[in-house]
Amino acid sequence: MQTMKYFNIREEELKNSVATDFFAGFDCDKIVGFIDFAVAPPTHPQGGTLLWAEAKAAPTDIIAMLTQLVLTIGKARTFDKIMPPPFLGCFDCEKIAFVPYFEIQHIFYQNDFNWNVTSSNTDTKEFRQVYEQIKRIIDNDIPWETYLFNFEHDAQELKKFIRDNFIVGKSETTKLQIDKNNFIIIYGKWLQTVKPTIQVNWDAAKRNGIIDGDFYLADLLSQENKTLKEKLFILLKSNYYEANRRIDESGMFASSQVYFSDNQKAHTLFWNKYERPPREEYWDYIVERRDLLVPQDVRERKGSFFTPQIWVELSQRYLADVLGEDWQDEYYVWDCAAGTGNLLAGLTNKYNIWASTLDKQDVDVMHDRIENGANLLHDHVFQFDFLNGDFSKLPQGLQNIINDPEKRKKLVVYINPPYAEASNKRTLVGGIEGNRGVEQNKTNKTYAKILGQGNAELFAQFFTRIYCEMSGVVLAEFSKLKILQGQHFADFRDFFLAKLEKMFVVPADTFDNVNGKFPIGFMIWKTSVKKKFVNITADVFDARKNNIGTKIFSAYENNRYINDWIKPVRGKTGENIIGKFPFKGNDFQNQSMIAIVHPNMDYNVEAGQFLINVNNLIEACIYFAVRKCIPAGWLNDRDQFLFPDKNWKKDTEFHNDCLTYTLFSNNITSKYGVNHWIPFSEQEVNARDKFESHVLLSFLNGKVVPNGYANLFEQLEKKKYVKREFSPAATAVFDAGRELWKYYHGIAGQARNDRGLYNVNASLYDIREYFQERNDKGKMNNTSTDAQYTNLISNLRDKLNILAKKIEPKVYEYEFLKA
C-alpha cells in the first residue's frame, strides 16, 4: 500500500480509508461525542470502544493532535458518559500514533483547569499547558517505537499492533475488565449508583478523614463481595462494610458496621457489569493512587501533592552529595508528611526510616505496601498529626532520637509537606470562604507571632515546628520559594536561622494536581548552623529532568519595591488623566494584570490605581516597560521588582525606549472616551478626519498643545518640552506602527460606508479589534483573515521584541531586578 493515496484528500475520506485498510472487522462508524474517529468491537453489551482518535488531512504535529483530542474529551467530559478505551490516538495522511489511556488520564482531573476553550485554538494557555503535559509523558514514559507507525513503511507492524492489542470480548456476557485505564472512570459511575445507598453521614465521615473512595476501593479489590486486601481502611464483608477497625480499651477487637439502604440491590446490579478484582498486577498502582479518588475540596484543604518519582530520585542524589555516600547508614530519616510513602521509595536502610501521616487510610496503604515488598518497617509507619500531636506519642525509638541533641543532628526530616493556604486566588476572586483550618492548629497558635503573615501556609508551619522543637536536624524539603523570597515571609526568615546547603528547582506543574507556572524547590537545610538566608545559586531542571543551568535566588530584606517607587508620583482625579494601570503585586506572577487602560474603564479597581498624566508619563512608561519587557515564566514567577537606584533619571534613551514600548503595548480603547495615545499626526497616517487629541504627539515633539486643547491640559501650556530623540530600535517600532495605522485608515476608511466601523481616533487596541474581530463569546480573536494586517502586526511585534531585549539589561543595571 502506498500512502501517497492519502495525500490531498479530505479528512472524511482519510478516516474512511484508514478504517477500511487497517480496522476492517471493527465498527468504525460509532459516533462518540465530538471525537473525530472511534473504533469499537462489532458488538459490545456495554457500548465499549477500543480507540478514540483525532484526525487531520494534512501532516500535523502528533502532540498537537493529541492535545486537541484531550481538550475535546475534557470539555465534553466524554469519559463520564462512555467507558474510555484502552488507547487514545491520532493520525494524518502520513502516520498514526497511539497512547495508552491510563498514561494521560490524570490530565482530566487537574484542579482549577478551564476546559471551556476551543480545542483547536493552539494559542490558548490551556492548549499550551496540555501540550507540555503530553510531551512530557511521551518523552518520559512512552516508547514511541512501539506506538508510532508510518502508513507506508510500517503497514505490517501496524496491523500486527492492532491485532495484538484491539482484543474483542468472546461473548456478549463478558464483564468489563478493570485496569489502570478505567478504574477512575468506573469510580465516577459508582459515585452515582452505589454511594447514595451506603448509610453514611458523608460530611461527618469526611471530617474524620474517611472518603467515599475508601468504600470504592473495598468494593473494587474484592471477590465474592469480600475485600481481599485486609490492610484497607474500609473492608467489604459480603452485605456490609467494616469500618473503624481498632483494639478497644479492654483489649478486644472492635469495629463499626455500615449497611446499605436498599438491601444492596444497587451495589449488586452495578458490580454485575464489571469483573472484580482487577488483575493483581494493578493492585499496588490502584491503592497507591488513592489520591486520585480524594475529592477536590479535601485535596485543596490538605494541600498534598504526589511527588513525582523523577524528583524523588534526584532529591536523594542531592542528599548523598551533601551528607556523604553512606548517609543512609549514618543518618535517620523521618517523613512526617508521608502520605502513601512514595518519597521514601529508593531508600535502602529500613531500620533508620520512620514515616507518619495524618490519615489512617494512608498508614494502611503503607502497611499493605510493606507486605508486598516496600522497604519499610511496619512499626516505623504510624499515624500522627504533626501540627497538633504531642511528640510523647511518637514511637519510643524516634523519641529517643529527637530527645538526644547529638542523635538529633543525625536526623533528616525528609518531606514534601502540604501546601494548603488559608486563602488562595480561587477563594479571593470567587468570594469563597478560605481554608480556615490552616490557621486553627496547635502549631500555628503556638508560633503565630514569629510566623507573622507566613502563618497562612501549612508548609511554613511544618518548618516552624521542626526548627523550634527539633533544633539541629537536617531539613530536606520540597516547597514553594516563598520562604526565600516572599514579602510575607520576612518574619519567618528572621527566626528561621539555618544554613541552606544545596538546592534545585523544577516546574511546579510536574507535580500532580498543580497547574500554576512557578518553581518548586528541593532544599537541604542544616538547622544546627545558625545563618540567616541571603541568597543561593540553585540548579534548574526542566520537566524532563534536564539540567538547564542555574539561578540565584535572593531574600529581599531591607528592600523597597517598585510599587513604593511609583506611588508618590501618581496623578489625582481631575488632573487631566489620560490613562491608568492597577498596582498589582511586585512580582512576575502578576505581570498579566499590569495593563494601561482608559481612565474611564473599570479595571482591577480593587488593586488601587496609578493615574497617568503628562507630568508622570515617563515614570509610568518606565514602570510598565520594566514589568512587561521580560516574559514571565515558571522560573522567574516569584522574582520581585524593586525600588531602583537613581541612575535611571539621567538616561534619556532609556526613558524614550520605555515610552516607545508602552505606546505600542497598551490597552487603551476609544470606546471609553477620548483617546490621547495616538503617536502620529493625521498627515503621517492619512487619516480621513482630525484627531480629537494631540496630547501625545505634542509631548513627543516638545510642542505646546494647540489652542483647542489648552483648557484640558494646562500643564502642557505652561511648559516647553525638548523634542525627544529615539534610538534606532525605538524608531523601528514607530516606523512599523505608522505603517499599521496607515493601513487601518486606508482599509477602514474605504469600508466605512459599508460597515460603519471607521474610527478616526482608533487606538492600537481598536485597530486590532477591527481586523481580528470578536468571537461569539465576545472575546477578541487571536488572528485575522486579513493577510496584510497579519504581516504588519507581526512586524510591529517583532520590532517591539527587539526593543524589549534592549531595555532588559537596563532593568538589572538600574536594579529594578536583582541579577
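These figures come from a predicted structure and were not determined experimentally.

1. Details of the overall build of the protein chain
Now for step 1: A count of helices and strands for the protein chain gives 32 helices and 23 strands.
Now for step 2: Residues classed as buried in the protein chain amount to 56% of the 819 residues present.
Now for step 3: A sequence separation of at least 24 residues applies to 67% of the contacts in the protein chain between residues at least 6 apart.
Now for step 4: Accessible surface, the protein chain as shown: approximately 36,500 Å² in total, 46% of it carbon and sulfur.

2. Quick word on the pattern of salt bridges
Now for step 1: Tallying each qualifying case throughout the model produces 30 salt bridges.
Now for step 2: Residue Lys-409 pairs with Glu-406 through a salt bridge whose shortest N-O separation is 3.7 Å.
Now for step 3: Exposure remark for Lys-409: the relative accessible area of 41% places this residue in the partly exposed category.
Now for step 4: A salt bridge links Lys-551 to Asp-639; the nearest nitrogen and oxygen atoms lie 2.8 Å apart. Here Lys-551, found in strand E21 (residues 547-554), pairs with Asp-639, found in the loop between helix H25 (617-628) and helix H26 (652-663); they are 88 residues apart in sequence, far enough to count as distant. Like Lys-551, the residue Asp-639 is buried in the burial classification.
Now for step 5: A single salt-bridge network, built from bridges that share partners, covers Asp-92, Glu-94 and Lys-95.

3. Re helix H5 (residues 125-141)
Now for step 1: Spanning 17 residues, H5 covers 24 Å between terminal C-alpha atoms, matching the ideal 24 Å at 1.5 Å per step.
Now for step 2: Regarding H5, the residues found buried are Glu-126, Phe-127, Gln-129, Val-130, Gln-133, Ile-134, Arg-136, Ile-137 and Ile-138.

4. Describing the sheet that holds strand E16 (residues 411-415)
Pairing between the strands of a sheet comes from backbone hydrogen bonds, and it takes one of two forms, parallel or antiparallel.
Now for step 1: The strand order across the open sheet built from nine strands is E15-E14-E13-E16-E17-E19-E18-E20-E21, with neighbouring strands paired in mixed fashion. The open sheet is flanked by strand E15 (381-383) and E21, the only strands paired with a single partner. Strand-to-strand twist in this sheet, taken as the mean axis angle between neighbours without regard to direction, amounts to 20°.
Now for step 2: Contacts from helix H16 (residues 360-371) reach strand E14 (353-357) and E15 within the one sheet, and its direction differs from that of E15 by about 165°.

5. Describing the nonpolar core
Now for step 1: Counting residues in hydrophobic clusters, the biggest one holds 98 residues, and the most contacted among them are Phe-23, Phe-98, Phe-166, Trp-190 and Tyr-241.
Now for step 2: Counting residues per element, this core draws most heavily on helix H2 (residues 62-76), at nine residues.
Now for step 3: Leaving out residues up to four positions away in the same chain, Trp-190 has contacts with Lys-195, Ile-198, Asp-212, Phe-215, Tyr-216, Asp-219, Tyr-241, Phe-270 and Trp-271.
Now for step 4: Counting residues in hydrophobic clusters, the runner-up holds 83 residues, among them Ala-338, Leu-376, Val-506 and Ile-520.

6. Details of the environment of Asp-587
Now for step 1: Note on placement: Asp-587 falls in the loop between strand E22 (579-582) and strand E23 (609-612).
Now for step 2: As a C-alpha pair, Asp-587 and Ala-632 span 45 residues in sequence and 9.3 Å in three-dimensional space.
Now for step 3: Those residues in contact with Asp-587, other than ones at most four positions away along the chain, are Arg-627, Asp-637, Arg-638, Asp-639, Gln-640 and Phe-641.
Now for step 4: A distance of 2.8 Å separates a polar atom in the side chain of Asp-587 from a polar atom in the side chain of Asn-590.

7. Some points on the pairing of strand E4 (residues 95-100)
Now for step 1: Among the six residues in E4, six count as buried, and that is most of the element.
Now for step 2: Residues Lys-95, Ala-97 and Val-99 point to one face of E4 and Ile-96, Phe-98 and Pro-100 to the other, with burial holding for every one of them.
Now for step 3: Sheet topology note: the strand E3 (residues 87-91)/E4 ladder contains five bridges and is antiparallel. Bridging from a neighbouring strand, Phe-87 pairs with Pro-100 of E4.
Now for step 4: The hairpin turn running from E3 into E4, its antiparallel successor, is three residues long.
Now for step 5: The sheet contact formed by E4 and strand E5 (residues 148-150) spans three bridges and is antiparallel. Paired with Ile-96 across the strands is Phe-149, a residue of E5.

Criteria and thresholds
- Residues numbered from 1 in each chain as written.
- Predicted model: local features only at pLDDT ≥ 70, side-chain atom pairs only at ≥ 80, totals over all residues.
- Heavy atoms only, no water.
- Helix = DSSP H or I, 4+ residues; strand = E, 2+ residues; numbered from the N terminus.
- Buried < 20%, exposed > 50% of the residue type's maximum accessible area, 1.4 Å probe, protein only.
- Contact = heavy atoms within 4.5 Å.
- Areas by Shrake-Rupley, 256 points an atom, 1.4 Å probe, with all protein chains shown as cover.
- Salt bridge = Lys/Arg side-chain N within 4 Å of Asp/Glu carboxyl O.
- Expected span 1.5 Å × (residues − 1).
- Pairing = 2+ DSSP bridges.
- Axes fitted to C-alpha atoms, helices over the stretch in contact; angles between N-to-C directions.
- Core = buried A, V, L, I, M, F, W, Y, C linked by side-chain atoms within 4.5 Å.
- Polar contact = N/O pair within 3.5 Å; in protein donor to acceptor, adjacent residues only side chain to side chain.

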